[in-house]
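Examination of the molecular architecture
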Amino acid sequence: MTLDRRFAVGAVSPFIYGGFLEHMGRSIYQGVYDPESAHADEDGFRADVIGALRELAMTIVRYPGGNFASGYRWRDGIGDRESRPTVRELAWQSIETNEFGTDEFIRLCRKLDWTPMLTVNLGTGSPEEARDWVEYCNAPTGTLFADMRAAGGSEAAHAVPVWCLGNEMDGPWQLGHAPAGEYALRARQAARMMKACDRSIETVACGSSGPRMPTWLEWDRTVLESMRGAADYVSLHRYVGNPDGDSPGYLAIGHGIDRQIEAVDACCEYVQARAGSRRRAFLCFDEWNVWYRARGAGDTDGGGKFAPHLIEERYNLEDALVVGAFLMSFIRHADCVKIANLAQLVNVIGPLLTEGDELLKQSIFYAFKLFSDRKGGTALSAHIDGPLYETEYGAVPYLDAAATVSDNSLNLFAMNRHLSEPLPLVVEFGPGEIARVESSEMVHASSLDAENTFEAPNTVVSKPFEGWSTRDQVVVELPPHSLVATTFQLA
Ligand code: AHR
């Protein structure tokens, strides 16, 4: 792997280490918020969950959905808790008590140093309601909605900087789904009114909800052209899996993510060039993860219950490696991917799982943490020369990698996709520039299907990795199916 400081892609946005919290299943209730739990803190949040989330060091968290957002009335979730309505919500056919709403989410953000990111309802909601929510959150007191916030105890504005203009509006499953042009009209009106209320906010228009959508890219182009600069970002979503047991193909998913990003980036540049504009929309990958096992009807239909068990995916080692592949792809595209949100946080396709008062860190928790512990820097374009194997993306190297550099350190992320052979890796950077290994950790286990359970919670974790030599050359032997993150101190 050859790296050169001069071949910089761009500064890595801290917001690519984001998360997503939806009113779905046991994500909020019995997840982050559970006043009945033995771990409940003074605000009803689960202190054990908060402690684990703190370790993940996420930077920005999206709320309240997801599909849930497209039927959500934000005013149900504010004010006196006892007077908030219990409603039947339609996205997941569940009961929503609204005990947790905007102010609780903001309080959680403050506890965890997260930047809040809200999704407005452009399914059943109106541009005006979206504007009112911006006023509630961001305006100084003295007007109706800002005063409601103050009455609820928050004199100071919540200062929410990023707002999603709906969710997956290209999908027929979405409440209020509409053709691209119709959605764009609604989103443009909403964005204008929201920005008129607070000029500093940034907006995210709904892009395609995945590359398999029949309107993929055409939707994105239509929306971006019609938004005429009212969208600062366009969203991308991607859930992946290994339903056919093709692990070599699954581990090559980084190439699929690269392609998705590059196609949407090209679409943004096309729209910008056609408009002759100096501004472009950047990419907000606001839902991504592994999700394929818990996909049945029973996994997504709450059956009219409160906090039902929905899409509680269990993750193994190969899923953790795939989470690493997503993050490496985001780093490689630091010039255009500015926000990314792991979907989701707790219980619902989450790195964390609760059972009663127990808490489990799933394998993907450790993969995410390898990266979020090494934020910042400038992404470098890497030249990789090594053995290849055939996949649906063509011949790809066994090595998947990304690198970032700052004044004094180099972060290297590397995955050996070979299932049975170790991979020798030689890193070429400026001669003598790499002084020593500052830290190195590896996510690895004896088999790809190894997973953490409540009985054996430490089967797939990250461990210090001591395989590097920096004497004459910077070399290492990466174990089969392993993910290694290393920080080198530079001379
Ligand atoms: O994250 C679960 C769901 O997946 C989200 O609500 C939706 O946006 C996507 O389809």
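Scoring rules and cut-offs
Residues numbered from 1 in each chain as written. Predicted model: local features only at pLDDT ≥ 70, side-chain atom pairs only at ≥ 80, totals over all residues. Heavy atoms only, no water. Helix = DSSP H or I, 4+ residues; strand = E, 2+ residues; numbered from the N terminus. Rg over C-alpha atoms; globule rule 2.2 N^0.38 Å. Buried < 20%, exposed > 50% of the residue type's maximum accessible area, 1.4 Å probe, protein only. Contact = heavy atoms within 4.5 Å. Pairing = 2+ DSSP bridges. Salt bridge = Lys/Arg side-chain N within 4 Å of Asp/Glu carboxyl O. Disulfide = S-S within 2.5 Å. Axes fitted to C-alpha atoms, helices over the stretch in contact; angles between N-to-C directions. Near = heavy atom within 4 Å. Polar contact = N/O pair within 3.5 Å; in protein donor to acceptor, adjacent residues only side chain to side chain. Areas by Shrake-Rupley, 256 points an atom, 1.4 Å probe, with all protein chains shown as cover. Nonpolar A, V, L, I, M, F, W, Y, C, P; charged D, E, K, R; others polar. Expected span 1.5 Å × (residues − 1).

Let's talk about the overall build of the protein
- The number of helices and strands found in the protein is 11 helices and 24 strands.
- Computed over C-alpha atoms, the radius of gyration of the protein comes to 22 Å, within 12% of the 23 Å expected from 2.2 N^0.38 for 491 residues, which places it in the range of a compact globule.
- For the C-alpha atoms alone, the extent of the protein along its principal axes is close to 70 × 60 × 45 Å.
- Here the protein holds 491 residues, and the buried ones make up 59% of them.
- Of the contacts made within the protein by residues no fewer than 6 positions apart, 76% connect residues no fewer than 24 positions apart.

Let's talk about the pairing of strand β24 (residues 482–490)
- Among the nine residues in β24, eight count as buried, and that is most of the element.
- Summarising the sheet, strand β21 (residues 434–443) and β24 pair through eight bridges and their orientation is antiparallel. Residue S439 lies in a different strand from β24, and its bridge partner there is T487.

Things to note about the pattern of salt bridges
- Inspection of the entire model under this criterion finds 30 salt bridges.
- When the shortest N-O distance is used, the salt bridge between D48 and R46 registers 2.8 Å.
- You can call D48 buried: its relative accessible area is 17%.
- The salt bridge involving E287 is made with R62; its shortest N-O contact spans 2.9 Å.

Focus: the state of the cysteines
- According to the stated counting rule, one finds zero disulfides in the structure shown.
- Its sulfur unpaired, C137 is 9.8 Å from the next cysteine sulfur, which belongs to C197.
- For C137, a relative accessible area of 0% corresponds to the buried category.
- Cysteine C206 shares no disulfide, and the gap to the nearest cysteine sulfur, in C164, comes to 7.6 Å.
- With a relative accessible area of 2%, C206 lands in the buried category.

Comments concerning the sheet that holds strand β15 (residues 378–380)
- The strand order across the open sheet formed by seven strands is β1-β15-β18-β19-β24-β21-β22, and the pairing between neighbours is antiparallel. The open sheet has two edge strands, β1 (8–11) and β22 (462–464), and neither has a second partner. When strand polarity is set aside, the average angle formed by the axes of neighbouring strands in this sheet is 25°.
- Looking at chain direction, β21 and β22 are connected through three bridges and run antiparallel. The partner of V443 across the bridge, within β22, is S462.

Here we look at the environment of A456
- Its location among the elements puts A456 in the loop between β21 and β22.
- Spatially, the C-alpha atom of A456 lies 9.6 Å from that of L360, the residues being 96 residues apart in sequence.

A closer look at the environment of Y72
- Locating Y72 in the fold gives a position in the loop between β3 (60–63) and β4 (87–89).
- Setting aside chain neighbours within four positions, we find Y72 in contact with Y63, P64, G77, N98, G101, N121 and W133.

Observations regarding the site of the ligand
- With respect to spatial proximity, the complete set of residues near the ligand consists of F20, E22, G66, N67, W92, N167, E168, Y239, E287, W291, Q344 and I349.
- Between an oxygen atom of the ligand and a main-chain N or O atom of N67, the distance comes to 2.9 Å.
- Here an oxygen atom of the ligand sits 3.0 Å away from a polar atom, N or O, in the side chain of Q344.
- The protein chains hide 95% of the 280 Å² of surface that the ligand would expose on its own.
- Its residues placed into classes, the shell around the ligand shows five nonpolar, four polar and three charged.

Notes on helix α3 (residues 127–138)
- Between its terminal C-alpha atoms α3 stretches 16 Å, which fits the 16 Å expected from 12 residues at 1.5 Å a residue.
- By the criterion of burial, α3 is predominantly enclosed, with nine of the 12 residues buried.
- Those residues of α3 that fall on the buried side of the exposure criterion are P127, A130, D132, W133, V134, E135, Y136, C137 and N138.
- At its buried positions, α3 is contacted by α2 (102–112), β6 (115–120), α4 (144–151), β7 (162–165) and α5 (180–197).

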